[in-house]
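An overview of the molecular structure
Listed below are the residues making up each chain.
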Amino acid sequence: MGVVEDKIKDLKEREKKVLQMGGEKAVAKHKEKGKLTARERLNILFDAVSEGETVVVLEAVKMENALPAPVGGTIKAVNFASGDSVQMNDVLAVIG
């Protein structure tokens, strides 16, 4: 094999290892703590949404409220995690 082919092979092997996110045990340990993996967080952050599509489900006074996107775009930030307390006028997510 040539130098370029070797580098491509090495890159593909490294990518495969990265996508394993530390292996099944590490992912399971992370999930037990109620956390999302880095890949899951990135998928959420860069998800495209349409105007009116539900982007947040908020529980208040034992009722669930689905909050629609006021505009279409890409989710740039999610400022709260599941279980966090929020106040009126808090920015829950940023769509750009």
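Below is a short write-up of the structure. Just so we're clear, the structure is a prediction, and the values are computed from it rather than from any experiment.

Here is what the cut-offs are and how they apply
- Residue numbers restart at each chain and count upward from 1, following the sequence in its written direction.
- Only residues with pLDDT of at least 70 get local features here, since the model is predicted, and only at 80 or more are side-chain atom pairs given and counted; chain-wide, interface and lining totals rely on the full set of residues.
- Side-chain measures were taken over the full set of non-hydrogen atoms in the model, leaving aside hydrogen atoms and water.
- Exposure classes here rest on a 1.4 Å probe applied to the protein chains alone. A residue is buried below 20% of its type maximum, exposed above 50%, and partly exposed in between.
- Each helix corresponds to a stretch of at least 4 residues labelled H or I by DSSP, and each strand to a stretch of at least 2 residues labelled E; elements are numbered beginning at the N terminus.
- Criterion used throughout: strands pair if DSSP finds at least two bridges between them.
- In this description, contact between two residues means that some pair of their heavy atoms is separated by no more than 4.5 Å.
- Here a cavity is any set of points on a 1 Å grid over the protein atoms alone where a 1.4 Å probe fits but cannot get out, and a pocket is any open set with protein on both sides within 12 Å along at least 5 of 7 lines; a residue lines the site when it has an atom within 4 Å of a point.
- Grid points are joined across faces, edges and corners, and a volume is the space filled by probe spheres set on the points.
- Each residue is assigned to one of three groups, with Ala, Val, Leu, Ile, Met, Phe, Trp, Tyr, Cys and Pro labelled nonpolar, Asp, Glu, Lys and Arg labelled charged, and all others, Gly among them, labelled polar.

Once that is clear, we can look at the pairing of strand β3 (residues 63-68). For β3, a buried count of zero out of six residues is recorded, marking the element as mostly open to its surroundings. Here strand β2 (residues 54-60) runs beside β3; their pairing, made up of six bridges, is antiparallel. Bridge assignment links Glu59 to a residue of β3, and that residue is Glu64. What sits between β2 and β3 in their antiparallel hairpin is a turn of two residues, with Val61 showing a positive phi close to 50°.

We now examine the side chain of Thr37. When you line up the elements, Thr37 lands in the loop between α2 (24-32) and α3 (38-45). Among the residues examined, Thr37 registers a relative accessible area of 5% and is labelled buried. Residues contacting Thr37, with those up to four places away along its chain left out, are Met21, Val27, His30 and Lys31.

In this structure, Asp6 sits in helix α1 (residues 3-19). On a C-alpha basis, the gap between Asp6 and Asn65 in space is 53 Å, while along the polypeptide they are 59 residues apart.

The next thing to look at is the layout of surface pockets. Roughly 700 Å³ of internal volume is contained in the largest pocket. Forming the walls of the largest pocket are 20 residues, and the residues nearest its centre are Val78, Phe80, Ala81, Ser82 and Gly83. Of all elements in the fold, only α3 and β2 reach the threshold of two or more residues within the lining of the largest pocket. Per-element accounting of the lining of the largest pocket gives the leading share, five residues, to β2. Class assignment for the residues of the lining of the largest pocket results in 12 nonpolar, four polar and four charged.

Pairing is antiparallel in the open sheet, where three strands are placed in the order β1-β4-β5. This sheet does not close on itself; its edge strands, each paired only once, are β1 (48-49) and β5 (93-95). For β1 and strand β4 (residues 73-78), the ladder comprises two bridges, and the chain directions are antiparallel. Of the residues in β4, the one forming a bridge with Ala48 is Thr74.

Considering the arrangement of structural elements, one finds Gly96 in the segment after β5. Placed 84 residues apart in sequence, Gly96 and Lys12 show a C-alpha to C-alpha distance of 32 Å. If sequence neighbours within four positions are ignored, Gly96 has contacts with Gly73, Thr74 and Lys76.

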